[in-house]
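Report on the structure
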Amino acid sequence: MSARLEIADLRVAYGRAEAVAVDRLVVEPGTLSGIIGANGAGKSTLINAVANWSRAEPRVAGSVRLDGEELTGLSAEARVARGVQLVPEGRGVFLGLSVEENLTAVASAGSGRRAWSVADVYALFPRLRERRANLAGSLSGGERQMLAVGRALRMAPKLLLLDEPSIGLAPLLVSTLLSTIRDLVDDGLTVLLVEQNVHAAAEVTDVLHLIERGRLVAGGPVAVMRDDPRIVEAYLGANHG
Amino acid sequence: MNVAQQLVNGIVIGHAYALVAVGWTLLLGAARLVNFGHGQMYMIGAFVAWWVMAATGLPYWLAVVAAVLLGAALGAVMQRLFLRLTLSQDLVNLMIVTLGFGQALEGAAGLAFGPKPQTLASPFQEMSVHLGPVWFTVQDAILVGATILVFALLYLALHRSWLGAAVRMVAEDPRLTALGGFKVSRIYMGIFAFEGAAVAFAAALVAPRTPILTSMGFDQVVMTFVVVVLGGIGSVLGSYVAGLGIGLFTALFGALVSPAYTTAAVFALLIAAMVLRPGQLAASGSFAR
Amino acid sequence: MTHPLARLAFAGVLAVLGFLLPRLLGGSSLVYDTLVAIAIFSAMSYGLDVILSDLGEISLVHTAFFATGAYAAAILTVTYGFSAWTALAGAVLAALALALVLGVITLRTREFAFSLVTYAAAVVCMNVASNWDFLGGSDGIVGIPPLDLSIGGIELTAGRSAEFWPFAYLLLLLTLYVVHRFRRSRLGQAALMVHMNPRLATMCGLDGNRIRLQVFLLSAVISAAAGWLYAFQRAYVGTDLFDTYFLVLMLTGVILAGRRILLGPLLGTALLLSQKSFASLGAYGDKLVLGVVLVGVLCLCPKGLASLWPRRRAAAVTDAPANTNPANTNKARFPSPVWERGQG
């Protein structure tokens, strides 16, 4: 059986500057993988390239496979239809639409996949049900992230790409959100998570990858990676253990 | 002076302004595109309706349908041409390109329809209704009714339908819209086609009031710019209210002060509004409301 | 060509060749007419060029500045019998006054709001010109005397196009020099910075509004001077000066070759007017050509024809200030949409 996501020889460049050069990255179905690294290391660029989505205009080359199917050359919306769903950093919802509209105004999921209903999303995030008629612009940062994740689930992702969901959230919210995502993975979802908060990521992920200057420099089961000296020194520091 | 009659005139002119502006309002709100070719698209709509009637002898209402269809096609052509600039939100180049598009339309219309003024003859222009001290033509009544209908339908479509939500999504963040599984270019196609169809519809209804010329583009729709801006850029209801307000203003100003300076007065009003309330021009905030 | 003296010599040779161009092309009156028109209209376009290329905004009121210069020349010479020199001073002052008022009004508006206000201003100007008898109303002003710029004993007059050429050419050279100096001046650098990165400009202590106003004033003077000469060449001014055709001509001239290329507007205008003179398709056909050229250039190569020529492209890129973040090159060049601005 092929991996859920398989990246090979991926190169992403802005103008002449190469931002990401990843030779190989594999995500197995039903796992939660994390990509960690410093600011500007290329984490976001990497997962945006998987979705073929960006706010800038990067040049992307290389191979991205979903369940063995080659995605290269497909637009972002075509990848969404095949089950690659990105929740981008910062702005993942439409502030001018109500909460409920954010959940209903999505393209229908591809055949053979079970999409979450709006009620399912409300059951997962009861807070959103209370605010269903409000504009997304009036939500707090944490609520917006819930809404962004809920919106993504509505499109029945096979692979959910989360770009820094914890950014700007209070510590308690971070752990709540990440443990909700862990629960989703335990129910069978596959997630690739980009996180700057290495502590929080190490709590919930199965596999961690460390990216530095656009290259994957280490990767493996989280139990092993926790003790990797590069991670301990740079990210976990004295707090570890 | 018959004030009641001036009010009626103002209401009719106001609805004409609003109807001419409606497509552009959506285009500006959703694609942030200032269409300086809007006037020439109006002219094309009027001439197509005229040509259909003159060349084929079809009745007026079929000419209206033909104009609307051709207008939508013209909008679609615009989308094909401008898509790259629209997607990259290259607003400065977009504005210039619409000026060029209008210029090309005017040249083409001159070649096709000649320099002579023509009359788009609507049978309803000859029928008038007298109500006490005031009167208006049946064409006027149709114009007012159609305007209210178009605005109501657009408002409902934007707020109560899935398609409307898609348009509002594109207006807010076209890139994010793609992550909802939407083909953004197709939504733009709908918006541009609506602009073309709406302005052609407006032309077919408004043009019977005056002779039509291929050079009339800019002059005929100068008020549209004021309506769209004063209404709050991209605001549907705002455009309606602004159109009505400016219609009343021009009718009363023309009757009470000076008909020659009406346009200047309206534009002075616009400039004053911009100086006093520059925040009103903060685009996209009020879209679709 | 890096040595300043070599550059100067090259520019000098080019200038002399340019002056002799009508004779090299046969010296017929059609050639003179065309070249005079090219000189005047490209000078007019440079007014718009500094707004479009250096401030990054589209002003739609430049036809009004052009018309202001022409009307001032007509009124001062015909109605009051002043000399052409006084008329020039009047044209410049009138344009400055109009630009000051408009500049203050539009200071806080950007991108399409700026364009709409300037458009509105142009409509008001045209409306006033066609209704106010002082400005000749819809008939315009006829009977502008031949150009007479004699100083002391030196006789400098011009009636026909061949006599007019030296004056038009001199105006063009002067305009080129002013624009060239402007781009290298502190004001020009500051304008570019305000355009490319307003926030950084503010942090550097630049007053964006003041800089915009100054550039606006400069551009108005350039277009008005062209209008002043045009009034003498045509011996008549009227409301057709406000025609969109002139506006589109200016815009196309500026963007056709490419922005921030000194000779760009001249080459663009020359191409367009040559087509009109030597390969005209009639008034409607020419309009169609103009529109199609404008749409074609912007849709196919938005950076202008010069960008198709690799060497010039490199030059154009180094001309602009270095942008350190490659991801932002696109965004920095043009004002970013509102929804992106909030995030920074």
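Residues numbered from 1 in each chain as written. Chains lettered and ligands numbered in written order. Predicted model: local features only at pLDDT ≥ 70, side-chain atom pairs only at ≥ 80, totals over all residues.

A look at the overall build of chain B
The number of helices and strands found in chain B is 11 helices and two strands. Compactness check: chain B gives a C-alpha radius of gyration of 19 Å against a globular reference of 19 Å for 289 residues, within 12% of the reference. The principal-axis extents of the C-alpha atoms in chain B amount to approximately 60 × 50 × 35 Å. By residue count, 60% of the 289 residues in chain B fall in the buried class. Taking the intrachain contacts of chain B between residues at least 6 apart in sequence as the baseline, contacts between residues at least 24 apart amount to 77%. (Helix = DSSP H or I, 4+ residues; strand = E, 2+ residues; numbered from the N terminus. Rg over C-alpha atoms; globule rule 2.2 N^0.38 Å. Buried ≥ 20, exposed ≤ 12 C-beta atoms within 10 Å, placed from the backbone. Contact = placed C-beta atoms within 7 Å.)

Describing the overall build of chain C
Summing up its helical and strand segments, chain C has 15 helices and four strands in all. A fraction of 74% describes how many contacts in chain C between residues 6 or more apart in sequence connect residues 24 or more apart.

Comments concerning the pairing of strand S6 (residues 84-87) of chain A
Where a strand is regular, its side chains alternate between the two sheet faces. Residues and elements named next belong to chain A. Covered by surrounding structure in S6 are Val84 and Leu86 together with Gln85 and Val87, the residues of both alternating faces. Bridge count between S6 and strand S7 (residues 159-163): four bridges; the pairing is parallel. Within S7, the position partnered with Leu86 by the bridge is Leu161. (Pairing = 2+ DSSP bridges.)

Some thoughts on the sheet that holds strand S10 (residues 215-221) of chain A
Residues and elements named next belong to chain A. Strand order in this open sheet of six strands is S6-S7-S8-S3-S9-S10, and the pairing throughout is mixed. The outermost strands of the open sheet, each flanked by one partner alone, are S6 and S10. Recorded for the sheet is a direction-independent mean angle of 15 degrees between the axes of neighbouring strands. (Axes fitted to C-alpha atoms, helices over the stretch in contact; angles between N-to-C directions.)

Observations concerning the interface of chain B and chain C
The interface of chain B with chain C comprises 44 residues on the first partner and 42 residues on the second. Elements with a minimum of two residues in the side of chain B that touches chain C: helix H3 (60-87), helix H4 (91-113), helix H9 (217-230) and helix H11 (262-276) of chain B. It is H4(B) that contributes the most residues to the side of chain B that touches chain C, 16 residues altogether. When its residues are assigned to classes, the side of chain B that touches chain C shows 29 nonpolar, nine polar and six charged. (Nonpolar A, V, L, I, M, F, W, Y, C, P; charged D, E, K, R; others polar.)

Quick word on the confidence of the model for chain C
All names here are of chain C. Residues of chain C with pLDDT of at least 70 account for 89%, and the chain-wide mean is 80. Contacts of residues 312-344 to residues separated by more than four positions or lying in other chains number 43 contacts, the stretch itself having pLDDT below 50. For this predicted complex, the interface score ipTM comes out at 0.89, while the overall pTM is 0.85. (pLDDT = per-residue confidence, 0-100.)

Describing the pairing of S10(A)
All names here are of chain A. Pairing of strand S9 (residues 207-212) with S10 involves six bridges; the strand directions are antiparallel. When the bridges of S10 are listed, Leu210 appears paired with Ala218. With antiparallel pairing between neighbouring strands as the criterion, S9 and S10 make up a hairpin whose turn holds two residues, including Arg213 at a positive phi of roughly 45 degrees.

So, the environment of B:Gly10
Relative to the helices and strands, B:Gly10 resides in helix H1 (residues 3-31). Apart from the residues lying within four places of it in its own chain, the contact partners of B:Gly10 are B:Gly247, B:Leu248, B:Thr250, B:Ala251 and B:Leu252.

What to know about the packing of helix H7 (residues 186-196) of chain C against helix H9 (residues 208-234) of chain C
All names here are of chain C. Interaxial distance between H7 and H9 falls to 10 Å at its minimum, and their mutual angle equals 120 degrees. Taken together, the axes of H7 and H9 lie oblique to each other. As for how H7 packs across H9, the hand of that crossing is left-handed. Of H9, the residues touching H7 (which contributes Leu187, Ala190, Ala191 and Val194) are Gly208, Ile211, Arg212, Gln214 and Val215. (Parallel < 35°, antiparallel > 145°, perpendicular 65-115°, else oblique. Left-handed = near helix turned anticlockwise from the far one by under 90°.)

Digging into the packing of helix H3 (residues 62-79) of chain C against helix H5 (residues 111-131) of chain C
Residues and elements named next belong to chain C. Relative to each other, H3 and H5 sit at 30 degrees, their axes nearing to 9 Å. Considering their axes alone, H3 and H5 lie roughly parallel with respect to each other. Every residue of H5 that contacts H3 at Thr63, Ala64, Ala67 and Tyr71 is listed here: Ala121, Ala122, Cys125 and Ala129. Residues of the contact of H3 with H5, tallied by class, amount to seven nonpolar, one polar and no charged.

Some points on the UniProt feature "transmembrane region" (unreviewed entry) in chain B
Residue and element names in this part refer to chain B. Under the local residue numbering, the UniProt record ascribes the feature "transmembrane region" (unreviewed entry) to residues 6-26, 58-79, 91-114, 134-158, 187-208, 220-241 and 248-276. Within residues 6-26, the helical portion is 100% and the strand portion 0%, while the C-alpha atoms at the span's ends are 30 Å from each other. In this annotation, residues 134-158 is assigned 84% helix and 16% strand; the end-to-end C-alpha distance for the span is 36 Å. (UniProt positions renumbered as here; feature names shortened; annotations may be inferred.)

Here's the deal with unusual backbone geometry
A negative phi angle characterises most non-glycine residues, just as the trans form characterises most peptide bonds. Residues and elements named next belong to chain A. Although it is not a glycine, Asp9 adopts a positive phi angle of roughly 50 degrees. Take Asp9: it is sitting in strand S1 (residues 5-14). Of note in this structure, Asn52 is not a glycine but carries a positive phi near 50 degrees. Tracing the chain through its elements places Asn52 in the loop between helix H1 (43-51) and strand S4 (59-66).

Some remarks on the sheet that holds S4(A)
Across a sheet, paired strands are connected by hydrogen bonds in the backbone, their directions being either parallel or antiparallel. Residues and elements named next belong to chain A. Pairing in this open sheet of four strands is antiparallel, and the strands run S2-S1-S4-S5 from one edge to the other. At either end of the open sheet lies a strand with only one pairing partner, and these are strand S2 (17-27) and strand S5 (69-70). The sheet contact formed by S1 and S4 spans seven bridges and is antiparallel. By the bridge assignment, Ala8 is partnered in S4 with Ser63.

Some thoughts on helix H7 (residues 171-186) of chain A
Residues and elements named next belong to chain A. The end-to-end C-alpha distance of H7 is 23 Å, a good match for the 22 Å that 16 residues give at a rise of 1.5 Å each. Buried-residue contacts for H7 involve strand S3 (32-37), helix H6 (141-153), strand S8 (190-195) and helix H8 (198-204). Directly after H7, the chain includes Gly188, whose backbone phi takes a positive value near 120 degrees. (Expected span 1.5 Å × (residues − 1).)

Section: H7(C)
Those residues of H7(C) that sit buried are C:Ala190, C:Ala191, C:Leu192, C:Val194 and C:His195. Residues of H7(C) that are buried make contact with helix H2 (29-55), helix H8 (198-203) and H9 of chain C.

Some words on the confidence of the model for chain B
Of the residues in chain B, 94% have a pLDDT of 70 or more, and the chain-wide mean is 88. Ignoring residues within four places in sequence, the model shows residues 282-286 of chain B, a span with pLDDT below 50, making 13 contacts including any to other chains.

Observations concerning the environment of B:Asn35
Along the chain, the position of B:Asn35 falls in the loop between H1 and helix H2 (38-56). Every residue in contact with B:Asn35, bar those within four places of it in the chain, is listed here: B:Trp24, B:Leu27, B:Thr98 and B:Glu195.

Notes on the environment of B:Val170
Residues and elements named next belong to chain B. Checked against the element boundaries, Val170 lands in helix H6 (residues 162-172). For Val170, a count of 26 C-beta atoms within 10 Å translates into the label buried. Put simply, Val170 and Leu256 are 86 residues apart on the chain and 45 Å apart in space, counted from C-alpha to C-alpha. Apart from the residues within four sequence positions on either side, Val170 is in contact with Ala30, Thr177, Val184, Ile187 and Tyr188.

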